[in-house]
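Notes for the structure review
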Amino acid sequence: MSRSWVRGDTGPVYPLTVRPARVVLAVVHSQASGDRLLDFLGPLVETDRRVQVVWTLAPGSQFESSGRAFMRRLDAAVLPWEEAASFDYALAVAANHGQLEQVRAPVLVLPHGTGFSRHPERGNGYGPEVARPVGGAVAGALAKYGRLAVSAIAIAHRDQRARLVAALPETAEIIHEVGDPCYDRALSARPERESFRRALGVGTDQRLVVVTSTWGPSGVLGRNLDLVDELVAGTPRGYVTALILHPGIWWGHGPRQVLGWLAGARRRGLRVLAPGSPWLGLLVAADSVVGDPGSVTAYATGLGASPLLAGGVSVIAPDSTPELLHRLAPHYRDDVPVWRQIEEAAERWRPEDAERVHARLTSAPGRSAELLRRLMYGMMRLPKPMGPARLDPLRCPEFVTDRPRWGRSDERRAA
C-alpha cells in the first residue's frame, strides 16, 4: 500500500476528511475468518460515524493464501501487518488465533464455525505422539510470554465454556456468550427459503442436495474425491446437486486445479459455489446435505436439511456439535448407492433430531447482534448507537460459470 498512515490520538489515521473517535483493527487470518468478521463488523460497527475500521492480514496461517484472496476483494482500508502492529487501537477483533499477542489493543476473538469442536490432524514426524488439543493449539495461541493474548473470548454456546476453561483455566473470566451471528443470519432468512430456491434455479418440484467438504484428508474430497462423480452420475430426475468447498481447498490447490478435477462432474450438472461467494443462502434452500461433520453440515442440518455424513469422524472432539451430528445422522457406506442412502436418510431424519442440532449451535438464537454490539462498545468505552442492532440480510449465492471471476462479485438479494 503506497499511502502512509499517521499516528493519531485514537489510532492510525489517514489524514483526509473524517477524524474518528475510535479506530478498530480487524485481523484476518484466512477467508473463512474474514467472512466471519464481515458477518457483524459491517452492520454493527462500520455504520457508526464515530468509528473507523481498518483491516490487516496476519501472517503465518496455513490458509494465508485464502486470506490474501479475501483482502483483494474487500474494498476497505487495509494496513500491511508490520504497519498495523505498530499502532494502538481502541479494539481489535479476530475470528482465529495467531499473532494476536503482537496487536496493540484489547483483542476480542470469536471462534468461526461450531467452536472448539475438532482436533488438529496429527502431524508427520518421528517423535512420539502427544495428546491433540481441542480446537487446535488453543493454549499455545492464546497464551504468549506469560500473558493471555486476548482480552475477551466470545462463544456461541454456553457449553463451549467448560471445554475452553479445561484447556486454559485463565480464560474463565474473559469468556462471553454472544451467540452465532453467522447462524443467526441464516435463521432470519428461513422465511425467504422459496425466494432463494427460485434465485438458485431450483424448481418447486425439485429437491436440492448440497455436498460440502472441509479441507484436509478427513474432509469429503480428501477421503473420497470420486464420491462427487458417483453422485452426479446417478442423479435421479427431480434433483439438483450443488457443491460448497472450504476456502482452504480452493486456495490450497488453486481454483484452476480444483475446477479441473471437477470438470466431469460439472458437465453432468453439478453446480459449484464460486470461491468467495456468499454460501448461507444455499443452506437455507437445501433439502439434504452430504458432508463431513463440520460447521457447514451442522448449519444446514439445524436449518432443516437431512444429513448424510461422509468423512471427518477422526477429528471430532467429544461432546461437541459435530459429535452430536455424528451420533444422530446416518453415515455414508461404500457398498450402497449414494442416492439410495440420501433418500433413506431423508425418510429417517426426524424434526426433533434437527432441533437437537439447532439447540447446540447457539444458546442465544437471534440475539448475537445485540450481545456482540454491547460487548464491543463496552471494550471501546464508547456509548453504543441508538436503536436495535441488526445483521445484514443474506446475499444470493453464485455458482462457478464457464468464465469465472475471482474478484469481487456483484452480490444480489434473492428476488
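The coordinates are above.
Residues numbered from 1 in each chain as written. Predicted model: local features only at pLDDT ≥ 70, side-chain atom pairs only at ≥ 80, totals over all residues. Heavy atoms only, no water.

**Describing a negative patch on the surface**
Condition: A patch consists of residues exposed above 30% relative accessible area that lack any salt bridge, with like charges linked at up to 9 Å and nonpolar side chains (Val, Leu, Ile, Met, Phe, Trp, Tyr) linked at up to 5 Å. Areas reported as accessible are Shrake-Rupley estimates using a 1.4 Å probe. Residue values count occlusion only from the protein chains shown. When a carboxyl oxygen of Asp or Glu is within 4 Å of a side-chain nitrogen of Lys or Arg, the pair counts as a salt bridge. Counting rule for charge: Lys and Arg are taken as positive, Asp and Glu as negative, and neither His nor the chain ends is counted. Charge positions are represented by NZ for Lys, CZ for Arg, CG for Asp and CD for Glu. Segments assigned H or I by DSSP are reported as helices when at least four residues long, segments assigned E as strands when at least two residues long, and all are numbered from the N terminus. For every residue, the accessible area obtained with a 1.4 Å probe (protein chains only) is divided by the maximum for its type, and the residue is called buried under 20%, exposed over 50%, and partly exposed between those limits.
The grouping of Asp226, Glu230, Asp334 and Asp335 at the surface amounts to a negative patch. Looking at the element boundaries, Asp334 is found in the loop between helix H15 (321-328) and helix H16 (338-348). Under the relative-accessibility criterion, Asp334 is labelled exposed at 67%.

**Observations regarding the side chain of Arg360**
This is how it is decided: Residue contacts are defined here by distance: any two heavy atoms, one from each residue, within 4.5 Å place the two residues in contact.
Along the polypeptide, Arg360 turns up in helix H17 (residues 351-361). Residue class for Arg360 comes out buried when judged on its relative accessible area of 18%. In this structure Arg360 touches His157, Asp159, Asp319, Ser320, Thr321 and Leu324, once residues within four positions along its chain are discounted.

**Comments concerning the pattern of salt bridges**
Inspection of the entire model under this criterion finds 16 salt bridges. Residue Arg158 is joined to Glu177 by a salt bridge in which the shortest nitrogen-to-oxygen separation is 3.6 Å. Pair noted here: Arg158 is in the loop between strand E9 (152-155) and helix H5 (160-167) and Glu177 is in strand E10 (residues 175-177), with a separation of 19 residues, a long-range link. Glu177 sits in the partly exposed class, given a relative accessible area of 28%. As a salt-bridge pair, Asp287 and Arg193 come within 2.8 Å of each other at their nearest N and O atoms. Linking Asp287 in the loop between helix H13 (280-285) and strand E14 (288-291) with Arg193 in helix H7 (residues 193-199), this pair joins segments that are 94 residues apart in sequence.

**Let's talk about the packing of aromatic side chains**
We count it as follows: By convention, a stacked pair of Phe, Tyr or Trp rings (six-membered ring in the case of Trp) has centres within 6.5 Å and planes under 30 degrees apart, an edge-to-face pair has planes over 60 apart, and any other such pair is tilted.
Taken as a whole and assessed by the stated rule, the structure comprises 5 aromatic pairs. Geometrically, the ring pair formed by Trp55 and Phe70 is tilted, given 6.2 Å between the ring centres and 45° between the ring planes. Remark: Phe70 occurs in helix H2 (residues 64-72) and Trp55 occurs in strand E4 (residues 51-57); sequence separation between them is 15 residues. As far as burial versus exposure is concerned, Trp55 and Phe70 are alike and both buried. Geometrically, the ring pair formed by Trp279 and Tyr299 is stacked, given 6.3 Å between the ring centres and 15° between the ring planes. One end of the pair, Trp279, is in the loop between strand E13 (271-272) and H13; the other, Tyr299, is in helix H14 (residues 295-302), and 20 residues separate them in sequence.

**A few points about the sheet that holds strand E12 (residues 239-245)**
The strands that make up a sheet pair up through hydrogen bonds in the backbone, lying either parallel or antiparallel. Definition in use: Strands are labelled as partners when DSSP assigns at least two bridges between them.
Reading across from one edge, E13-E12-E11-E14-E15 is the order of the 5 strands in this open sheet, with parallel pairing throughout. With one partner strand each, in any of the chains shown, E13 and strand E15 (306-309) form the two edges of the open sheet. Here strand E11 (residues 207-213) pairs with E14 via 4 bridges, running parallel. Each bridged residue has a counterpart across the sheet, and for Val210 the counterpart in E14 is Val289.

**Regarding the sheet that holds strand E6 (residues 107-109)**
Put simply, the test is: Between N-to-C directions, angles span 0 to 180 degrees; the directions come from axes that are lines fitted to C-alpha atoms, helices contributing only their stretch in contact.
Within the open sheet, the 6 strands sit side by side as E4-E3-E5-E6-E9-E10. Their pairing is parallel. Edge positions in the open sheet fall to E4 and E10, since each of these has one partner strand only. With direction set aside, neighbouring strand axes in the sheet form an average angle of 25°. Relative to E6, helix H18 (residues 368-380) is tilted by about 160°, and along the sheet it contacts strand E3 (22-28), E4, strand E5 (91-94), E6, E9 and E10.

**Observations regarding unusual backbone geometry**
Excluding glycine, most residues fall at negative phi; most peptide bonds, likewise, are trans. The phi angle at Asp75 is positive, at roughly 60°, despite the residue not being glycine. In this structure, Asp75 sits in the loop between H2 and helix H3 (81-84). Residue Arg381 is not a glycine yet carries a positive backbone phi of 55°. Mapped onto the elements, Arg381 comes out in the segment after H18.

**Regarding the environment of Trp349**
Residue position: Trp349 is located in the loop between H16 and H17. Separated by 21 residues in the primary sequence, Trp349 and Leu328 place their C-alpha atoms 8.8 Å from one another. Excluding anything up to four places from it in sequence, Trp349 contacts Thr301, Ala305, Ser306, Pro307, Leu328, Ala329 and Ala354.

Geometric descriptors of this kind do not, in isolation, establish any biological role.
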